[in-house]
Structures are given as C-alpha cells and as structure tokens.
Amino acid sequence: MIIPLTRRTWLRRTATGFGALALHDLVRAAQSPLATRAPQMPAKAKRVIFLFMSGGPSQPDLFDPKDYIRRMHGQTISAPINTNELRVGTDKFLALATQRDVRPRGQSGMMISDLLPHTASIADEICLLRAMHSDNNQHQPAALQFHTGVTADVRPSMGSWISYGLGAENQNLPSFISIHPDSDTRLYGSGFLPAAHQGTKVIIPQSDKQSPIDYLANVSGDAKAQRARIDFTQRMNRRLLDHAGTDARMEGMIESMEIAFRMQTATPELVDIANESEATKKLYGIGEKPTDKNGRACLLARRLSEAGVRFVQVTMGGWDHHGDIRNALPKSCGETDQPCAALIKDLKSRGLLEDTLVIWSGEFGRTPWSQDLSGTSPIDKHGREHQPESFCTWMAGGGIKPGLTLGETDDFGFRPISGKVHLHDLHATILHQLGLDHEKLTWRHVGRDYRLTDVYGNVVKEILG
C-alpha cells in the first residue's frame, strides 16, 4: 500500500529540507503576533507617541487659571468636595493663585502659561482637553488606569492593545517601546495578551558602556556566528514543535529569538543620534543641562516612530508638587517644555505629524487650593494636592483638530461643567484614530471578552478633524 506524501512531508524530504525551512518562515511570518494587520475601519493615524508627565502637572498653573482663585489667593474658600473624603492637606482650603501668567496663544487663543513658552509656540498645532477626569486620586492606581484602563489588576497596557490590533509596521523592531518607563512594569506590560505585545524598555545611555536596551549587544561580536547559533536553536525548537503540536510558549520563544536577532542588527544604529544635524539637536535642547535627557528621549521617540515602531511612550517624572510649587513647577517645565514642543515641530517638518498621534498628559491634575505639608509654611511655600476630578491633556496630529480647546471647569477649576472627557473616552478616541473600534478590539480571557475600555467609553467626536 502506497501512502501518499503530504506537501509538508515532501518539502522536508527533498532538497535537504530547504523547502520546508522556507515554508516555516512564510507560515511564521503570516502567523506572527506582530504581523502587520489592516485596521478595522479607515484610519487617520498609523502610530502613537505618548508623552507621560508622571506625577500630575498643575493644570491651574499651566492651562486653566481661574479669576476667582486669583482674587482669593491665600484666603479660605468653601470646600468643593465632601469634607469626609480622605484628602491630604484639605483642612484650610486656602486658594492658591497661578505661579505665572496664563494667556491666550496663537491664532486659536489657547490659554498656556508663560512657564511653557515652547508649548505656546505650537498652540495652533495642538488640541487641549481641559475637562479630563479619572477615577483615583493616588499616583499608582491613577497611572495604571491611564495606561491600562483599570486602577487595579494586571491588564494589557494601551501600547499592547494597539500592537495586538495592528501588529508591527517594521518586522525588525518591536511594535511597542517604552522610554524611561516607571518601575511598575504593568504600565507597559501585555497582561494576558501574547508576550510579543509587551513594551520593550529603553533608557537613554549615560555612558558609552551603557546599552539603551538590555542584552541588545551581540557579545560574540560575530554576526554570522550569532546567526548560525540562532538558526541551529530555531531548528531544534521547530522540530520539537512539530512533535508537540501547538504550543503557545514555544511559538512565543521562537518569535522572540527571531526579533531579538533582528533588533541586534537594526536597533543600535537607530538609537544612536550622532548622525542627527546640529540644528535638530539644538531644536530638542540636547546638550543643554535642563533639557538634554528629555530632549534625547523625544528625539529617539521620533526616530523610532519614523522607523515603524507602532507605539512609543516617553515617561518624564518630577511633577508631584505637594510643596513649594512656586520653585518646583518652573523646574519641571524647564526640563520638558522644549523637548515636547520640538517633537511636534520635528514631526511636522518631516511630514509625519499627519499620521502620528501625539498625547501629552499626567495621570491627574492638581487642586486649586494649597497644600502645606508642614502646617506652618507661608502660602508662597505651599504646593497642591492630587485632583482626578479635572485635569488637562493635549493631543496633536493623527487627525485631531489643531488649535481647539475642549472643556470648561467650574469657578474653582475643580469639576468639569462642559466638554467632559473620561479616560475611557480618550482611549476609545485614540483607538478610533488608528482605525480600531474599541468595542470590537477584544481578547477572550477567563471566560469573557476584555477590551481596553472595559464596558465604557465614547469617541470624542468634537475633536476629530
């Protein structure tokens, strides 16, 4: 009895198996979790850069001043919150006026502080959401919600959902990179999604001996030998996979080794900004003490996005100003203002802003009343408490209306009275601009479908161009 050969068996037995190897590569490319996928609907953006101001920037000082608070500076105001609610430093409710003038900028008249002169210069390029709100007044839960949609639990981060929905633009690079991430790995983790979608941690090297990505360097120094070792290991893994059948962990290992090798070739040149022009470095403030670190991070974000990384997040800390905000806030602005504005200008000059969505935000804002941690400091040494009830976020590019301000808050600058946007709405809008329906981008886990916006969220249509 003659048993017919299958096509796969024939490919393995003829031409020393080279046909089978080629088929493996073709199938792997098609089945790879990072394979490029078409959006679910027409998209305005192809990629995202998320500038995360960790700690909570003070929106009354930067974008949303209130005349009532200015007039009542240093005086007791009525409590706009439930006084039984646990809040630090709310015993006096002393109004704290803005630190510097906040004035109309550009043709749009967008209100931006003198502390952000570079951001003021791009007022007509950005869309300011002035009535954002979230659900938790503590840093880690609030940051977790901004990145993953929930205040607790281990869920896929925003970048991981986008990687899962669209795959990678460049198969030689990760689809999701986090520059200077928070120590909480959940903020760039993939949760229950395949591990290929988690963020790759990148740091800005402080010396020639420091690598921007852990284990990136080829320690053998011989690319051909490294490729031979990888090929041998992959053949063993695939042989085991042929016998074992479907094994997600083994398939993930094979995929990880392939992209790791490709990164060793493509990434070192990409993270090296030495070949950028002096004018570009000056634009970002590279080489200047207050802006060098964040300038390098923002320039790297542009290079990574330009090379096809789907989602890049840059974390810039130092915004938690509970005390002496008069001196602390200018320092934070001085370190971040120029690099963030330069990113928008650079993207636009290269024709990338149109299909790159940039988001700037902290996890929440700050209160209009002051906070005195010592209980004895003069008003000029006070800071501000956390405020998730309202804060400011700006967006640019990716089909978002430029020069638009959406949202108003009450006379205290505490509760939204119009244009209210929840984090779930922001997430739904980001996915929408990428051509993803937030209600249909789901993953089955422990018996039910999960999504970034859970059971909430509406696209903010008012800001769509």
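See above for the structure.
What this report covers is the structure whose coordinates are included nearby. (Residues numbered from 1 in each chain as written. Predicted model: local features only at pLDDT ≥ 70, side-chain atom pairs only at ≥ 80, totals over all residues. Heavy atoms only, no water.)

### Remarks on the side chain of Thr315
Thinking step 1. Note on placement: Thr315 falls in strand β7 (residues 311–316).
Thinking step 2. Ignoring sequence-local partners within four residues, the contact set of Thr315 consists of Phe52, Ser54, Ile179, His180, Pro181 and Asp182. (Helix = DSSP H or I, 4+ residues; strand = E, 2+ residues; numbered from the N terminus. Contact = heavy atoms within 4.5 Å.)

### Topic: the packing of aromatic side chains
Thinking step 1. Counted according to the given criterion, the structure contains 14 aromatic pairs.
Thinking step 2. Summarising the aromatic geometry, the rings of Tyr68 and Phe412 are spaced 5.6 Å apart at their centres and angled 80 degrees between planes, so their arrangement reads as edge-to-face. Of the two residues, Tyr68 sits in helix α4 (residues 67–71) while Phe412 sits in the loop between β13 (408–409) and β14 (416–418), which places them 344 residues apart along the sequence.
Thinking step 3. You can call Tyr68 partly exposed: its relative accessible area is 24%.
Thinking step 4. We classify Phe412 as buried; its relative accessible area is 17%.
Thinking step 5. Centroid distance Trp319 to Trp360: 6.4 Å. Interplanar angle 85 degrees. Geometry classified as edge-to-face. Of this pair, Trp319 sits in the loop between β7 and α12 (325–349) while Trp360 sits in strand β8 (residues 356–361); the two residues are 41 residues apart in sequence, bridging distant segments of the chain. (Phe/Tyr/Trp six-rings, centres within 6.5 Å; stacked < 30°, edge-to-face > 60°. Buried < 20%, exposed > 50% of the residue type's maximum accessible area, 1.4 Å probe, protein only.)

### Some words on the side chain of Ser157
Thinking step 1. Tracing the backbone shows Ser157 in the loop between α6 (139–148) and α7 (158–166).
Thinking step 2. When its relative accessible area of 1% is taken as the criterion, Ser157 is described as buried.
Thinking step 3. Once residues within four sequence positions are removed from consideration, Ser157 is found in contact with His147, Thr148, Phe176, Arg186, Leu187, Tyr188 and Gly189.

### Description of the pattern of salt bridges
Thinking step 1. Under the criterion given, the structure shown has 30 salt bridges.
Thinking step 2. Between Glu408 and Arg130 there is a salt bridge, with its nearest N and O atoms 2.6 Å apart. In this pair, Glu408 is assigned in strand β13 and Arg130 in strand β4 (residues 126–133), connecting sequence segments 278 residues apart.
Thinking step 3. Given the relative accessible area of 33%, Glu408 is considered partly exposed.
Thinking step 4. Notably, a salt bridge pairs Arg155 with Asp153, separated by 3.3 Å at the nearest N-O pair. (Salt bridge = Lys/Arg side-chain N within 4 Å of Asp/Glu carboxyl O.)

### Let's talk about the state of the cysteines
Here a disulfide denotes one covalent bond, and it connects the sulfur atoms of two cysteines.
Thinking step 1. Applying the stated criterion across every chain, the model contains zero disulfides.
Thinking step 2. Lacking any disulfide linkage, Cys298 is separated from the closest cysteine sulfur, that of Cys340, by 4.6 Å. (Disulfide = S-S within 2.5 Å.)

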